[in-house]
Amino acid sequence: MKKILVTGGAGFLGSYICEKLLDKGYGVTALDMSDGEKIAHLLSHKNFRFVQGSVCDLSLMKHEMKDIAMIFHLAAIADPLKYVTNPLNVMEVDLLAGINIFKIAAENKTKVIFSSTSEVFGRNKNVPWKEDDDRVLGATNIHRWCYSTSKAACEHYLFALGKQEKLPFVIYRFFNVYGPKLDDLGHGRVMPIFLKQFLNGEDITVHGDGKQTRTFIYVDDAIDAIIKLAFCKRAENNVFNIGTSKEYTMHELAKFMKKAGGFKSEIKFIEHKKVFGEGYEDIPRRIPDTKKIRQYIDWKPKTSFEKGLKKTIEYYRKKKGW
Ligand code: UDP
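Quick look at the structure, then. (Residues numbered from 1 in each chain as written. Predicted model: local features only at pLDDT ≥ 70, side-chain atom pairs only at ≥ 80, totals over all residues. Heavy atoms only, no water.)

1. A short note on empty space enclosed by the protein
By the definition in use, this model includes one cavity of 30 Å³ or more. Taken as a whole, the largest cavity spans an internal volume of roughly 50 Å³. Around the largest cavity sit Asn 176, Val 177, Tyr 178, Leu 182, Arg 189, Val 190, Met 191 and Phe 216, which together line it. (1 Å grid on protein atoms, 1.4 Å probe; cavity = no way out; pocket = protein on both sides within 12 Å on 5 of 7 lines; lining within 4 Å. Points joined across faces, edges and corners; volume = space filled by probe spheres on them.)

2. A word on the side chain of Thr 244
Relative to the elements of secondary structure, Thr 244 occurs in the loop between strand S11 (238-242) and strand S12 (247-249). According to the relative accessible area criterion, Thr 244 is buried, its value standing at 18%. Of the polar contacts made by the side chain of Thr 244, one reaches the backbone oxygen of Phe 216; its length is 2.8 Å. Every residue in contact with Thr 244, bar those within four places of it in the chain, is listed here: Thr 215, Phe 216, Ile 217, Pro 288 and Pro 301. (Helix = DSSP H or I, 4+ residues; strand = E, 2+ residues; numbered from the N terminus. Buried < 20%, exposed > 50% of the residue type's maximum accessible area, 1.4 Å probe, protein only. Polar contact = N/O pair within 3.5 Å; in protein donor to acceptor, adjacent residues only side chain to side chain. Contact = heavy atoms within 4.5 Å.)

3. What to know about the nonpolar core
Among the nonpolar cores identified, the biggest contains 62 residues, and Ile 17, Phe 72 and Ile 242 are the most heavily contacted of them. With eight residues, the single largest contributor to this core is helix H7 (residues 219-230). If we ignore the near neighbours within four places in the chain, the residues touching Phe 72 are Ile 4, Leu 5, Val 6, Thr 7, Ile 17, Leu 21, Ile 113, Ile 226 and Ala 230. One finds Ile 68, Ala 75, Phe 102 and Phe 114 within the second-largest nonpolar core, a separate group that totals 31 residues. (Core = buried A, V, L, I, M, F, W, Y, C linked by side-chain atoms within 4.5 Å.)

4. What to know about the site of the ligand
Near the ligand, the surroundings consist of 16 residues, among which Thr 205, His 207, Arg 214, Asp 282 and Arg 286 are the closest. Within the backbone of Val 190, a nitrogen or oxygen atom sits 2.8 Å from an oxygen atom of the ligand. Of all elements in the fold, only helix H6 (190-199) and strand S8 (204-207) reach the threshold of two or more residues within the shell around the ligand. Classifying every residue of the shell around the ligand gives six nonpolar, five polar and five charged. (Near = heavy atom within 4 Å. Nonpolar A, V, L, I, M, F, W, Y, C, P; charged D, E, K, R; others polar.)

5. Some words on the packing of helix H1 (residues 12-23) against H7
Running from N to C, H1 and H7 cross one another at 55°; their axes reach a closest spacing of 10 Å. The angle between H1 and H7 falls in the class oblique. Here H1 runs over H7; the crossing is right-handed. On H7, the residues that touch Phe 12, Leu 13, Tyr 16, Ile 17, Lys 20 and Leu 21 of H1 are Val 219, Asp 220, Ile 223, Ile 226 and Ile 227. Across the contact of H1 with H7, the residue classes tally to nine nonpolar, no polar and two charged. (Axes fitted to C-alpha atoms, helices over the stretch in contact; angles between N-to-C directions. Parallel < 35°, antiparallel > 145°, perpendicular 65-115°, else oblique. Left-handed = near helix turned anticlockwise from the far one by under 90°.)

6. Here we look at H6
Burial runs high along H6: seven of the 10 residues are buried. When we look at burial in H6, the residues that qualify are Met 191, Pro 192, Phe 194, Leu 195, Gln 197, Phe 198 and Leu 199. For H6, the elements touching its buried residues are strand S7 (177-178), S8, helix H8 (250-261) and helix H11 (305-320). At the C-terminal side of H6, Gly 201 shows a positive phi close to 70°.

7. A closer look at the environment of Gly 14
As for its placement among the helices and strands, Gly 14 is situated in helix H1. By relative accessible area, Gly 14 is classed as buried at 1%. Put simply, Gly 14 and Ile 39 are 25 residues apart on the chain and 9.0 Å apart in space, counted from C-alpha to C-alpha.

8. Quick word on the packing of aromatic side chains
The tally for this structure, following the rule as stated, stands at 20 aromatic pairs. For the pair Trp 129 and Phe 175, a centre-to-centre distance of 6.2 Å together with 50° between the ring planes defines the contact as tilted. With Trp 129 in the loop between strand S5 (111-117) and helix H5 (146-165) and Phe 175 in the loop between strand S6 (169-174) and S7, this residue pair connects regions lying 46 residues apart in the sequence. Phe 175 gets classed as buried once you look at its relative accessible area, which sits at 0%. (Phe/Tyr/Trp six-rings, centres within 6.5 Å; stacked < 30°, edge-to-face > 60°.)

Next comes the structure, spelled out in structure tokens:
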């Protein structure tokens, strides 16, 4: 049986990817720092292994990357607050560990499926962004950009290994994936933060004037794209946007969630600097152009925002016993 390693395999997206790969008949190892709560239901599967460990542990990575057919590299620090509070950790995990993993993959000739991010485009104002559009970032003493830069450097490294060492890889860039199992309530991305506030009846903290926009893609649709891309020969050594095109302002998102969940919280506005300190720059608009991916695989997002949001709210409600 062919074996696949999923770093960050007990994280939000990783846990779904492990499920899909097991369904496809692969032997799957999930490597993750976490306690494995998100993959607890897979532990009894005969083709599944969970290794609790860090991608920064080079000898562990060398060991786990022996005799695998493919590696999905998802392990990363992807929490905007951490970009400014612990940039060193962001770069050690997202940049240095990534480069080491790709080096081992190139030595072993193992195909790499790399999770990158829409953050690589920075604050380029010309939305929607095509895969080869410009990256517009701030200065290097602004910690906020360390995540974007780490992921982009990893992309560069993969393109170089593809050119010079014939390493096969696929890179995809997510545009705000959401769904059950995202982050812990109150942490990480905007939805679990708002949901904790809604479920506790607290005020909702919309950052700035709330006019900044995001597009959101439901996890099932994102996973469908990743799996199709990973096994599409023609997609090799390419980068793809994965997202939807309907924009929501963060104020609209708060109102939408309030309605979808029948919540009572009041929506309030809080300055970015009160949350992130000085020097944080938010991305005003973030929209993908997804023409490219459709030229390679038969894919389109199927879950409406209403439906996806309801499922997400239900999940967190149950988890909190609400
Ligand atoms: N946001 C907000 N209130 C919060 C958390 C986030 O208004 O309590 C905003 C954040 O400033 C950003 C957007 O929601 O404009 C999306 O933030 P997220 O942390 O999900 O990640 P990003 O898309 O910025 O990477």
